Amino acid sequence: MSLQELKEQAFKLSVSDRLSLISAIVESLQETSRVTPDRAKAIARMRGLLKTDQPAPTDEEVAVMLEERRLEKYL
């Protein structure tokens, strides 16, 4: 059912049924917002796993690491 068809059907409902529909929609949105913080917490934990006391490698160091990896892989 398209959004337009859904809107047309909603206008055909009685006032009390439309209020019940609004309540159900609000509840569904509240449940969705509860899931988002859990995802945010998981992302924060994952970022914490990636933290290190060492500085990020420079472009030159990364180039050397890639070259070493290629040598290991292909030779």
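Owing to the predicted nature of the structure, the values given are computational and were not obtained by experimental measurement.

A.B. asks: Can you lay out the overall build of the protein chain for me, pointing to particular residues and giving the numbers?
C.D. replies: Counting secondary structure elements, the protein chain contains 3 helices and 0 strands. Whereas a compact globule of 75 residues would reach a radius of gyration of roughly 11 Å, the protein chain reaches 27 Å, over 25% beyond that. With the C-alpha coordinates of the protein chain rotated into their principal frame, the extents come out at 75 × 30 × 20 Å. Out of the 75 residues in the protein chain, the part that is buried amounts to 1%. Here the protein chain displays about 7,400 Å² of accessible surface, and carbon together with sulfur accounts for 60% of that area. Of note, the protein chain has its 12 positive side-chain charges centred 7 Å away from the centre of its 13 negative side-chain charges.

Conventions adopted
- Residues numbered from 1 in each chain as written.
- Predicted model: local features only at pLDDT ≥ 70, side-chain atom pairs only at ≥ 80, totals over all residues.
- Heavy atoms only, no water.
- Helix = DSSP H or I, 4+ residues; strand = E, 2+ residues; numbered from the N terminus.
- Rg over C-alpha atoms; globule rule 2.2 N^0.38 Å.
- Buried < 20%, exposed > 50% of the residue type's maximum accessible area, 1.4 Å probe, protein only.
- Areas by Shrake-Rupley, 256 points an atom, 1.4 Å probe, with all protein chains shown as cover.
- Lys, Arg positive; Asp, Glu negative; His and termini not counted.
- Charge placed at Lys NZ, Arg CZ, Asp CG, Glu CD.

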